[in-house]
Amino acid sequence: MASQVQIAKLALQHLGDRYDISDLSEATVEAEQVNLIFEDTRDWLLRQHPWNFAKKYASPAELTGSGTTAVPGNWERMYLYPPDAVRMGGIINPLGDDQPALKFEVARNDSDERIILCNVEDAEIFYTARITDPTDFDPEFTMAFSYALASKMAMPLTGERAIAGDLMAEARNHINSAWETDSNEGVEESAPDADWIRARTGVVNNVNTFTASST
């Protein structure tokens, strides 16, 4: 399981053997650069995809929609945006997962609170949470994170724009691979055959049965 220091060391290793770190609090250029971008890069990467390891369900607090917190626009309901959310995923449709996605909007109200607007009563939402403990990261996410960190530290530490570009391309490859693995983790139900497919299959089966009985 990776720690912040281990992720930082891995990122610096991508830049070359001359770069290293022992502690995030040390007085080195490497530590300064890591501390400068670590959290922002983590949150940026978490926002790139709806990662399963960071997926969270919640029933957010509904605002009353009175006084200075009037529901804006043509929406009927207003909920507080979860403080640990980095990306809103959606609203659970109470009629079932096979129903159309429910519309929502992320905005700020006139009290400057970040809110979720929708037309759903007692809404249950899912979102990507800000996961700060590296031991909770998916291993492939950790590798993608290390390359993203390296790409952003390349210019300040090496001064080589080409290295930064190569590392960002490598980061993108790892991000896509990590997301593909992450999205395949779960039970996927087979889609039911359309009526015309079932009807056609039935006709073929009847023809085959008739042919077999005739011979």
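Here goes a summary of the coordinates provided. For clarity, every value in this text was computed on a predicted model and none was experimentally measured. (Residues numbered from 1 in each chain as written. Predicted model: local features only at pLDDT ≥ 70, side-chain atom pairs only at ≥ 80, totals over all residues. Heavy atoms only, no water.)

1. Notes on the layout of surface pockets
Heads up, the rule is: Think of a 1 Å grid over the protein atoms and nothing else: a 1.4 Å probe that fits but is trapped marks a cavity, an open set flanked by protein within 12 Å on at least five of seven lines marks a pocket, and residues with an atom within 4 Å of a point count as lining. Grid points are joined across faces, edges and corners, and a volume is the space filled by probe spheres set on the points. The numbering of helices and of strands both runs from the N terminus, where a helix is a DSSP run of H or I of at least 4 residues and a strand a run of E of at least 2. Amino acid classes used here: Ala, Val, Leu, Ile, Met, Phe, Trp, Tyr, Cys and Pro are nonpolar; Asp, Glu, Lys and Arg are charged; the rest, including Gly, are polar.
There is about 220 Å³ of room inside the largest pocket. Forming the boundary of the largest pocket are 15 residues, of which Ile-91, Ile-92, Asn-93, Ala-101 and Phe-126 lie nearest the centre. At the level of elements, strand E1 (55-58) and strand E3 (85-91) are the ones that each hand at least two residues to the lining of the largest pocket. No other element matches E3, which puts three residues into the lining of the largest pocket. Here the lining of the largest pocket is built from residues that sort into eight nonpolar, five polar and two charged.

2. Side note on the packing of helix H1 (residues 4-15) against helix H3 (residues 139-158)
Spelled out, the test is: Every axis corresponds to a line fitted to the C-alpha atoms, with the helix fit spanning only the stretch in contact, and the corresponding angles, defined between N-to-C directions, vary from 0 to 180 degrees. Each angle receives one of four descriptions, namely roughly parallel if under 35 degrees, roughly antiparallel if over 145, roughly perpendicular if within 65 to 115, and oblique otherwise. When the near helix sits turned anticlockwise from the far one by under a right angle, the crossing is termed left-handed; a clockwise turn instead gives a right-handed crossing. Two residues qualify as a contact provided that any one of their heavy atoms is within 4.5 Å of a heavy atom in the partner residue.
The geometry of H1 relative to H3 is characterised by a closest axis approach of 8 Å and an angle of 55 degrees between their N-to-C directions. Taken as axis vectors, H1 and H3 run oblique relative to one another. Handedness of the crossing formed by H1 with H3: right-handed. Contacts between H1 and H3 involve Ile-7, Leu-10, Ala-11, Leu-12, His-14 and Leu-15 from the first element and Thr-142, Met-143, Phe-145, Ser-146, Tyr-147, Leu-149, Ala-150, Met-153, Ala-154, Leu-157 and Thr-158 from the second. Here the residues of the contact of H1 with H3 are counted per class, giving 13 nonpolar, four polar and no charged.

These figures capture arrangement, not role.
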